[in-house]
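Here are the chains, one letter per residue:
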Amino acid sequence: MRISLNWLQELVEIKLSHEELAETLTMAGFEVEDIEDRRTWANGVVVGKVLERQPHPNADKLSVCQVDIGAAETLNIVCGAANVRADIYVPVATTGTYLPNIDLKIKPAKLRGVPSQGMICSLKELGLTSDVDGIHIFTQENLALGSDVRPLLGLDDVILDVTATANRADALSMVGIAREVAALTGGKLNIPQPGEVTINQGGGNLGLSISETQACPAYFGTVIEQVTIAPSPAWLQQRLQAAGVRPINNVVDITNYVLFEWGQPLHAFDRDRLQAVAGNGNLNIGVRFAANGETLKTLDGQTRNLTAQNLLITANDKPVAIAGVMGGEETEVDAGTQNLVLEAALFDSVAIRRSSRSVGLRSESSGRYERGVNRAELEVACRRALSLLTELTGGVIIQQEIADTRPDPSTWTSSIGLRLDRLNQVLGPIDLGEETGELEEQDVERILTALGCQLTPTGDRSWTVSVPPYRYRDLEREIDLIEEVARLYGYDKFCDTLPQKAEAGYLPLDQELIRKLRAYFRAAGLTELIQYSLVKPGEDRQVVLSNPLFVEYSALRTDLMAGLIDAFQYNLEQGNGSLNGFEIGRIFSQGEDGLQEGEAIAGIMGGDRTLSKWTSSGREQPLTWYEAKGILDSVFRQLDLQVEYQPDCRDERLHPGRTASLWIGGNRLGIFGQLHPQIRREKGLPDSVYLFQLDTDVLLDALDRDESLVPVFHAYSTYPASDRDIAFFAPVKVTVAEIERAINKAGKGLLESVELFDEYRGEHVPTGQRSLAFRLVYRASDRTLTDTEVEPVHNKVREALVEKFGVSLRS
C-alpha cells in the first residue's frame, strides 16, 4: 500500500524523518519496499504567468512567450504546446532545474534561432498523470509569482510503499498505519470521527433482502438524491494519485478515498439505472449466490460467466455487481448521474476469495475483504463517505436501510491471558549495554496499551488483555501478544545467544537403516523408483478422497506392487527395456480400526539383465526364479538376516506355484513371486517378471538388535573342513527350509554350513516326492576332524531326517 506522509501527518504526529520512519516500519514487520520522494520531481519549478504569446518566426508549431516569474526581468521561453496563451498561470522550470522524470536539465538554448530561458511544464513532465495534452494551467487565481509549485500539485510529499503481512488486515488503511506509527513512535493520534449525518426522509422505495446472512452479515444501503457529478477538489485528487489511483469523479473518488482511509470498501450505484434494471415498483437490493449460467458485464468492460461460487448484489433479483469484487457496468456512476445508492457492507472473507478466483478478478476491495474488514467501524466509514458526498456533491440523503446480523458488539473484543514469566521465557533476555535483563511489567503495559489493548492485572505478574476490535483477526492467543511485545520493543534489542556447546547431529536409527536398505538394493542392481501415492479407485479397503483433483488420482494406494507393474509396462512401451527397480513408500488401507498407514519396500525384476548379447549369440537370457530370489537374498545377507521362504498362493497377481511368503523369526516379512501368466499376457510383459513386497516395520524390528547394529567378531578356524553329501527322496510338501532346520539342529556343534545343490523330479523318483542333495560342511575350531568324529554326527543327521520327514536315503 502506498502511504502519503502528508496524509499520514493529518492522522498521527510524525516525529521521525521519512528514512527513519521507513526503517522503523520495516523493523516492526511492515516492509517498506520503496521510498518515492516527490519533492525532487519539481525542485526549481515555480509559478509563472504568461504575459504575451507570439508565433515563432521560423516554426509554425512553436510559440514565443513572455513569462513573468516574479523576477526583475521577464523570461523569453519558446513553447511547443498548443494550449499556451496569454494571461494564464503555469509551472515554469527555470534555468538549472533538473527534471528527473524526463531526465532533463534546463539550460539556456536557442530554438530555431530564438533564445529560450526555461521551460513551461506539463504534468507528465513533472511525473504526474494527466489527460490534458499540453502544458498545465493552474485554475487558481492571483497566485504568487515565483512561488514553489510543489504544494499546489501535491509534490511536497513523500510516498512509502509499504507491504503488510497477510495477518494484518488492519494495516491496509491510512488509519491502520497511523495507529501503528503511534504505537511505534509515541506520536499522538488524530483520527477523524465523522458526526451523525442528517437523513431527510423523503419516501424512498429502497428495500433490502439479504438471503445469505453468513456471507453478508451487514449491509447498509443509503439513497442520496440531487447529486452533482463533477471533478473532485484538488486535495482529494492528489491524495488518490499518491495512493496510486486515477481520479474519476467526485462520487467514485469519495468511495476510493474512504477505502484507503478506513479500509472499508464502498460502492456507489446510479439509483435510476438500478431502477431501470429492477423494473417498475420498489427497488429491492439483495445478496445471493449466482446460479450457473448467469452473466454480468463488470466495470472493466468484460462479460463474466458466473458460477455458484460468486456472491452477487442484485436489484429485484437481477445481478448488478459481484459482491466485494467489482460493480456492474450497467449501473455505474457517470456524468449524467443525479441519484445514488451507496453500499457499505461486510462480506465473508472466504466467500469473496472464492468468488474473486472463480472469475479471475482481484480488486482493491476484494483484497481487503479477503483479509478481513473491521466489522466495528463499518458505520464510521459509512458516515465518513456520506458526509463527504453531501459536502462535495450537494446530495441529499433521503433514506437508509440496514440489514445487520452481526453478533452483539460486546463479543467483538476478545480477552487473552498474558503471563510475564512466559513472555520472558519465550523472548529471552534483553541487551542493557554491559549487562542483560528482562522485560518488566511497565514495558509490557506501555507497549500493549499503545496498540489499543486494555490490560487488567490478575496478580502474580499476569494480565487479562482485551484486544481492540480492529485486531480481532490476528491477536487470538497469548503467543500473539508476546510477538507484539517483541515487535514493538524491537527485535534488535534482544540478546542473540547460541548454545555454549554444539552437539554433533545424527540420524534416528530407522532413517539410518532405511538408508542402508536403499544402498544395498542399489548395489544389487535395482534402480530406486518414486511414484504417486494416489491411484485409481476400485480396490478393496481403499481410502478414497472426498475432494480429488482428478478421478484417476482419487484413492490412496494399498500396496506398491500395482504401481511397479504399470511402471514396468510403461518402460517397455517407451522402448527402454525391462525395468529392474525398487520403491520405498507409504501404503494406506481401510481397516476395522479405521484408517491405517504403513511403509513398505517393493521391487520388480525381469527380462534379460545383461547389457550385451555377445556371450549369448544375440539370444535373450531371461531372469530365472532363483536368480531373482538371489538378488533378494544378497540384500538379506548384507543385513545379516535369516529369512525363510514358505509356499504361498494368496496373491492373485502372482503365479500360484512360484510364490513364497517371507518370514523372520515367526513374523511375516512379505511376499516374493513370479507375475501371474494371465496378467503378463494382458500387459505384454516378458515371461520372467518377479515381484516382492516387504513390511518395513517388521524388517526394521528384525534389524534393531544389538548383534546387527554392533557386529561382534567371531574367530575363524584355521583347520580344514570335512564335507559330506547326503541325498534322499523327500515328500514334495516338505520344504527345504524345514529340512535345513532339522539338519542344523541335529549337527549342532560340528556342522558349519548346509547347502542344497541338486533337485530332481522325474524318472525313477517316486510319485509325490523329489530327490534332494545337500552338502554338509563340518569343521572344528581347535583341531582337524577325523572320520571317527564326523561319521557319528553325520549319521545322527541321517536318522533325524528319516525320523522326522520319512525320507528315503540314497547315499
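Residue numbers run consecutively from 1 along every chain, following the written order of its sequence. In keeping with the predicted nature of the model, local features appear solely for residues at pLDDT of at least 70, side-chain atom pairs appear and are counted solely at 80 or more, and the whole-chain, interface and lining totals rest on all residues. Note that the side-chain values use all heavy atoms of the structure and ignore hydrogens as well as water.

Asker: Which residues make up the packing of aromatic side chains, and what values do they have?
Answerer: In summary, the pairing rule links any two rings of Phe, Tyr or Trp, Trp by its six-membered ring, whose centres are within 6.5 Å, and it sorts them by plane angle into stacked for under 30 degrees, edge-to-face for over 60 and tilted for everything else. In this structure the tally under the stated criterion is 11 aromatic pairs. Relative to Phe-774, the ring of Phe-728 lies with its centre 5.8 Å away and its plane at 10°, an arrangement referred to as stacked. Of this pair, Phe-728 sits in strand S39 (residues 722-731) while Phe-774 sits in strand S41 (residues 769-778); the two residues are 46 residues apart in sequence, bridging distant segments of the chain. Residue Phe-728 is classed as buried on the basis of its relative accessible area, which comes to 0%. We call a charge positioned over a ring when the NZ of a Lys or the CZ of an Arg lies within 6 Å of the ring centre and within 35 degrees of the ring normal. The cationic tip of Arg-375 hangs over the ring face of Tyr-472; the distance from NZ or CZ to the ring centre is 4.4 Å. Stacked on the ring of Tyr-645, the Lys or Arg Lys-629 has its end atom at 4.4 Å from the ring centre. Helix and strand definitions here come from DSSP, where helices need a minimum of 4 consecutive H or I residues and strands a minimum of 2 consecutive E residues; each element is numbered from the N-terminal end. For every residue, the accessible area obtained with a 1.4 Å probe (protein chains only) is divided by the maximum for its type, and the residue is called buried under 20%, exposed over 50%, and partly exposed between those limits.

Asker: Can you lay out the sheet that holds strand S14 (residues 218-225) for me, pointing to particular residues and giving the numbers?
Answerer: When DSSP finds two or more bridges between two strands, those strands count as paired. The antiparallel open sheet is built from four strands, whose spatial order is S15-S22-S14-S23. Across the chains shown, the open sheet's two edge strands, defined by having one partner strand only, are strand S15 (266-270) and strand S23 (396-404). Each neighbouring strand pair of the sheet contributes to a mean axis angle of 20°, computed without reference to strand direction. Pairing analysis gives five bridges linking S15 to strand S22 (residues 340-346), with the strands arranged antiparallel. Its bridge partner lying in S22, Leu-266 is registered against Ala-344. Every residue pair with non-hydrogen atoms within 4.5 Å of one another is taken to be in contact. Here an angle of 0 to 180 degrees is reported between the N-to-C directions of two axes, which are lines fitted to C-alpha atoms, with helices fitted over the stretch in contact. Across the sheet, helix H6 (residues 250-262) touches S15 and S22, and the angle it forms with S15 is around 165°. Helix-sheet contacts for helix H7 (residues 271-278) involve S14, S15 and S22, and the interaxial angle to S15 is about 70°.

Asker: Lay out the nonpolar core with the relevant residues and their values.
Answerer: Buried Ala, Val, Leu, Ile, Met, Phe, Trp, Tyr and Cys residues that are joined via side-chain atoms within 4.5 Å together make up what is termed a nonpolar core. Of all hydrophobic cores here, the largest spans 93 residues; its most connected members are Leu-8, Leu-160, Tyr-219, Ile-313 and Phe-347. Among the elements that make up this core, the one with the highest residue count is helix H10 (residues 378-393) (eight residues). Core analysis: the next-biggest nonpolar cluster, separate from the first, contains 35 residues, Ile-584, Ile-601, Ala-628 and Leu-699 among them.

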